Amino acid sequence: MKKNQIPYKMILPESEMPKFWYNIQADMKELPAPYLNPMTKKEITADDLAPIFASGLIEQELSTERYIEIPKDVLEKYHLARPTSLHRAYNLEKALDTPARIYYKYEGANPSGSHKLNSAIPQAYYNMLDGKKRVSTETGAGQWGTAISIASQFYGLECTVYMVKVSYEQKPYRKSIMHTYGASVIPSPSNLTQCGRDILAKHPDSLGSLGIAISEAVEDAVLHDDTNYTLGSVLNHVALHQTIIGEECKKQMEMIDEYPDIIIGCNGGGSNFSGISYPFMMDKLQGKTKTRFIAVEAAACPKLTKGKYAYDYGDTAMKTPITMMYTLGHDFMPSGIHAGGLRYHGDSPLLSKLYHDGYVEAAAVNQTEVFDAAVLFAKNEAILPAPESSHAICQAIKEALKCKESGEEKVILFNLSGNGYLDLYAYDQYLAGNLEDEIPGIGEELDRSLGELPEIQ
Ligand SMILES: *Cc1c(COP(=O)(O)O)cnc(C)c1O
């Protein structure tokens, strides 16, 4: 097929769906430092993880096998929403007057509205296999909570979602969706856990954070034998599940005889970025390609660009494994930006290592330029993007404009991780001119929170 005949939208035949997840650990020159047990600070074992995670997921977390077979049942559930379409952004290209060819993979058309369902389905599946009755989890903006509520329902599990209190109050419809799928939703910090009660005793008006909600969900799982904890990002097994995005995308691009020069994803805990990137990163690690990979974070939560590469906890109450990652400190309090999914203090250990070793670039963008990009995209491509995903759009536009200046016909691919139909409050704020970029006191807050990193011998 000639490049000028490339369709607006590429649909992969269902028979071409990848049947394996790709594990980048098989091709990394050096693996990240091991996780540490938060109590003993010794290297973590599968036994340490057993009280909170399903055995199938622990195996994946620690595996260095290159390809891991997707269980037949999970593949069937994937078919409800996959394969997803790959779009050529002809209209956006025209609006930018760029010689670049811009592509995006759209993960927001499934019932949960984001890529998170790709990991929610296998996580619920492996917990069902272990005979668990219930899963606990946290959610910030609500996309993960929605995805795991759907997946729990598929496998007959009860689902308890600790939702960051500020989102619980600002996004009532997210709650309604989770309730519809049968989940219980608890504003965090809550009175139901010791760490919730501790926080409330100190800060009765606490609006919560992802770090606090994770602590509550982990405590719930530790104290109940029939319950496991699930996490929507950051960990190796979550990145693994998300590689279905990049694997499909690679096949789609092959069918139109294209290969990306630049791959862009927004970065909260690293899962959607990893998902679109790693199957292509394999070629780079094997020395076959020179693709650039750009992880885009919120300037208000700049772990890669301003954080420290260090061992840190994944949660506020210091109950999760300690991992080597780019972090802003486990009790860093980001300002209340509208891309709730990008407000996590840390990052995926795998992505952190790849960034540290120079395989990935990072960019930080501001809230107002992100919404400028979101609106330009919506007007030209019709899809209303999630604020998180719009960070990737914003960077893609910047790269396309550089191509306009240099006259280079680069191929730019970005992941459109979700739709923004439940983020209309944020759009309203933007359209009314109420959004701000200022990140008051981030320097001081960062100095304080980085002072709280655990000491590791
Ligand atoms: C959760 C979320 C993100 C951020 O999480 P990652 O693990 O970094 O992908 C980005 N986009 C959307 C739509 C999300 O729901």
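Caption draft 1: Representation of the pattern of salt bridges in the model. Summed over all chains, the structure comprises 22 salt bridges. A salt bridge links E369 to K398; the shortest N-O distance between them is 3.1 Å. Of the two residues, E369 sits in helix α15 (residues 367-381) while K398 sits in helix α16 (residues 387-406), which places them 29 residues apart along the sequence. The class of E369 is partly exposed, set by a relative accessible area of 23%. Using a relative accessible area of 32% as the deciding quantity, one classes K398 as partly exposed. Notably, a salt bridge pairs K410 with E408, separated by 3.6 Å at the nearest N-O pair.

Caption draft 2: Expanded view of the packing of aromatic side chains. Counted under the stated rule, the structure contains 14 aromatic pairs. Both rings, one in Y309 and one in Y326, keep their centres 4.9 Å apart while their planes meet at 25 degrees; by these two values the pair is stacked. Note that Y309 is positioned in strand β12 (residues 308-313) and Y326 in strand β13 (residues 322-327), a separation of 17 residues in sequence. Side by side, Y309 and Y326 carry an identical accessibility label, which is buried. Ring geometry for F377 versus F414: centroids 6.0 Å apart, planes at 70 degrees, classification edge-to-face.

Caption draft 3: Molecular detail of helix α18 (residues 442-450). Looking only at α18, the buried set comprises I442, E445, L446, S449 and L450. Buried positions in α18, seen along its axis, are confined to an arc of 120 degrees and lie on one side of it. Away from its buried face, by an angle of more than 90 degrees, α18 presents the exposed residues E444 and D447. Looking at the buried side of α18, the elements it contacts are α13 (303-306), β12 and β13.

Caption draft 4: Quick look at the sheet that holds strand β11 (residues 292-298). Spatial strand order, β1-β4-β5-β15-β10-β11-β14: seven strands in an open sheet with mixed pairing. Bordering the open sheet on either side are β1 (9-10) and β14 (361-365), each of which pairs with just one other strand. Both strand β10 (residues 262-266) and strand β15 (residues 411-416) contribute to a ladder of three bridges, which runs parallel. Bridge pairing in β15 links I264 to F414. Sheet strands touched by helix α11 (residues 236-255): β1, β4 (86-88), β5 (101-106) and β15. Its angle to β5, the strand with the most contacts, is close to 140 degrees.

Caption draft 5: Focus on helix α12 (residues 271-285). If you look at α12, its biggest bend is around 50 degrees, right at Y278, and the proline P279 turns up within four residues after that. The buried count for α12 comes to 15 of 15 residues, which makes it a mostly enclosed element.

Caption draft 6: Broad picture of the site of the ligand. The local shell around the ligand holds 18 residues, among which K116, S233, G268, S271 and N272 are the closest. Between the ligand and S271 there is a distance of 2.7 Å, counted from an oxygen atom to a side-chain nitrogen or oxygen. At 2.8 Å, a side-chain N or O of S417 approaches a nitrogen atom of the ligand. A per-class count over the shell around the ligand returns two nonpolar, 14 polar and two charged.

Caption draft 7: A look at the nonpolar core. Within the largest apolar cluster, 68 residues are counted, with the highest numbers of intra-cluster contacts made by W21, I24, Y78, Y278 and L413. The leading source of residues in this core is α12, at seven residues. In this structure I24 touches Y278, M281, L285, L350 and L354, once residues within four positions along its chain are discounted. Of all hydrophobic cores here, the second largest spans 42 residues; its members include Y106, I294, V296 and I393.

So, how was this worked out
Residues numbered from 1 in each chain as written. Predicted model: local features only at pLDDT ≥ 70, side-chain atom pairs only at ≥ 80, totals over all residues. Heavy atoms only, no water. Salt bridge = Lys/Arg side-chain N within 4 Å of Asp/Glu carboxyl O. Helix = DSSP H or I, 4+ residues; strand = E, 2+ residues; numbered from the N terminus. Buried < 20%, exposed > 50% of the residue type's maximum accessible area, 1.4 Å probe, protein only. Phe/Tyr/Trp six-rings, centres within 6.5 Å; stacked < 30°, edge-to-face > 60°. Arc of directions from axis to C-beta. Contact = heavy atoms within 4.5 Å. Pairing = 2+ DSSP bridges. Axes fitted to C-alpha atoms, helices over the stretch in contact; angles between N-to-C directions. Bend = angle between axes of the 7 residues up to and from the residue. Near = heavy atom within 4 Å. Polar contact = N/O pair within 3.5 Å; in protein donor to acceptor, adjacent residues only side chain to side chain. Nonpolar A, V, L, I, M, F, W, Y, C, P; charged D, E, K, R; others polar. Core = buried A, V, L, I, M, F, W, Y, C linked by side-chain atoms within 4.5 Å.

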